[in-house]
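Okay, here's what each chain looks like letter by letter:
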Amino acid sequence: MSIPAAAVAQGARRVSNGGLARVFLRSLFLQAAWNPRGMQNVGFADAIGPALAELYPDPGDRARAVARHLEFFNCHPYMAAAIVGGAVRLEERVASGELPAQSVSSFKTALGPPFAALGDGFFWLALRPTAALAAAVTEPFIGLGCVLVFLGLYNSVHLAARVWLFAVGYLRGEGVVDAIARAHFASSTPLLKACGAVLAGALAARSVLAAGLPDRPFHALLVASTIVGAAALLPRVGVTRAVYAALLVGLALGARFF
Amino acid sequence: MKSPSVALVRVDNRLVHGQVLEAWLPALDAQGILVADDEAAANVLARSAMALAIPPGVKFEVLRVKAAAEALKPGGKGPPASRTLVLLREVRDAEALHDAGVAIPQLNLGNVHFGVSRRQVAPSVFLDKDELAALERLAAQGTRVELRAVPTESPLALPDIKARFADV
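Just so you know, these numbers come straight off a predicted model, no measurement behind them. (Residues numbered from 1 in each chain as written. Chains lettered and ligands numbered in written order. Predicted model: local features only at pLDDT ≥ 70, side-chain atom pairs only at ≥ 80, totals over all residues. Heavy atoms only, no water.)

Caption draft 1: Up close: the overall build of chain B. Helix and strand counts for chain B come out as 7 helices and 9 strands. Taking 15 Å as the expected radius of gyration for a compact globule of 168 residues, we find that chain B reaches 15 Å, a close match to that expectation. The principal-axis extent of the C-alpha atoms belonging to chain B is close to 45 × 30 × 30 Å. Out of the 168 residues belonging to chain B, those deemed buried represent 56%. Accessible area of chain B: about 7500 Å², with a carbon and sulfur share of 53%. If you average the places of the 20 positive and of the 20 negative side-chain charges in chain B, the two averages end up 3 Å apart. (Helix = DSSP H or I, 4+ residues; strand = E, 2+ residues; numbered from the N terminus. Rg over C-alpha atoms; globule rule 2.2 N^0.38 Å. Buried < 20%, exposed > 50% of the residue type's maximum accessible area, 1.4 Å probe, protein only. Areas by Shrake-Rupley, 256 points an atom, 1.4 Å probe, with all protein chains shown as cover. Lys, Arg positive; Asp, Glu negative; His and termini not counted. Charge placed at Lys NZ, Arg CZ, Asp CG, Glu CD.)

Okay, structure coming up:
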């Protein structure tokens, strides 16, 4: 990762590229020690650990810095990469005596929840279903290979986003908010959801046709009404119960109960 | 254009986040969000990050608690939109609004984080003795207090919250 020359002030303490890489890799495990009291606090302190080790050579200073990062923190696990990156940049300035330690904490508290909302909307509610539906559409052509299509589509976007967010966070510090505003996360979410809806429609149409051909109109009707019924009932029965019901029906069909 | 009104007052340490935008806004059909918080009002970074996450078409305002009370009390300039969701960081801010003359028919407790003197009464809510007392004072003056993180959960009423507090 290259650092703009202007950002490296004389005598300023700086984290090495190897240290930054280790912080990024650890940030992938942000939720590994999730707990109700601090939520992602342990994961955050662990992720930023290698940077703090370089910035605070004195064991006492380092312990105090780690303890600061054990405060409550919660965000979307991917969007959090931007905050981890930004926190490293701010810690460099704290270690150099340019900023009070409190500024790192207020940066994390200010950005955590709104970035979580962006991430929930974009990754959980738009990218994940859309990638899954795109993969499902390929199933008739490549069979179980569609699982790989999903993993490839979803993870290439998600991992690239995490790398980019971490880099932007580190390079821009508090300017990360402007950078993310220009990335159009919020405005691309409805577009991605619309793509998902189109794919879901295509999938539904294909299921009805496949069930009805060559001459089984009753089966087509059955599949069509199941799809409409599921769409109407799903919000009321909840996803978990619907998945179990679908599993039972699938098993019963597989065992030729009816 | 419907007249400005308050749909719900919610205590949430995280203020603007996923539960609020993805679950509460659609469930309440809210057209606006008013964040009443001194810290957020004074922090330009927090304000711009929140504005980034607010969906287009939803009116958004951040005010200090005192200024929010001025706006919301009878005769004030009112909330920014019809069916506005009012977000507060702490239970004490709800009492401050009430004491300044703002009517709070319903108060939702969403997320109150762990603190050294707080006890856990729900997965996402920790309260201390003073906060519970403040909620009881509000309830005694007609506020319906309920605890739930998202609208699809069944709400926990104040007597249940008290029972859980006593059990811990």
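Picking up after the structure, the text goes on.
Caption draft 2: Layout of the side chain of A:His69. Residues and elements named next belong to chain A. Secondary-structure assignment places His69 in the loop between α3 (59-68) and α4 (80-95). A distance of 2.7 Å separates polar atoms of two side chains, one belonging to His69 and the other to Glu91. Those residues within four positions of His69 in sequence are excluded, and the remaining contacts are Asn41, Phe44, Ala45, Ile48, Leu52, Ala87, Glu91, Val104 and Lys108. (Polar contact = N/O pair within 3.5 Å; in protein donor to acceptor, adjacent residues only side chain to side chain. Contact = heavy atoms within 4.5 Å.)

Caption draft 3: The arrangement of the nonpolar core in detail. Judged by nonpolar contacts, the single largest core of 73 residues is most densely connected at A:Leu111, A:Phe115 and A:Ile180. Element by element, the count of residues in this core is highest for helix α5 (residues 102-137) of chain A, at 12 residues. Beyond its immediate chain neighbours, meaning those up to four positions away, A:Leu111 contacts A:Ile83, A:Val176, A:Val177, B:Leu45 and B:Ala49. Membership of the second largest hydrophobic core comes to 34 residues, among which are B:Leu63, B:Leu88, B:Val121 and B:Ala134. (Core = buried A, V, L, I, M, F, W, Y, C linked by side-chain atoms within 4.5 Å.)

Caption draft 4: Structural detail: the interface of chain B and chain A. Each partner contributes residues to the interface: chain B has 20 residues there, and chain A has 24 residues. Between chain B and chain A, the buried area comes to about 1700 Å², and carbon and sulfur atoms account for 73% of it. Considering only the side of chain B, the residues that lose the most area to chain A are B:Arg14, B:Leu45 and B:Leu52, jointly responsible for 35% of the buried surface there. Where chain B touches chain A, the interface holds 0 salt bridges. Between chain B and chain A we count 0 residue pairs in polar contact (both at pLDDT 80 or more) in total. (Buried area = accessible area lost by both parts, 1.4 Å probe. Salt bridge = Lys/Arg side-chain N within 4 Å of Asp/Glu carboxyl O.)

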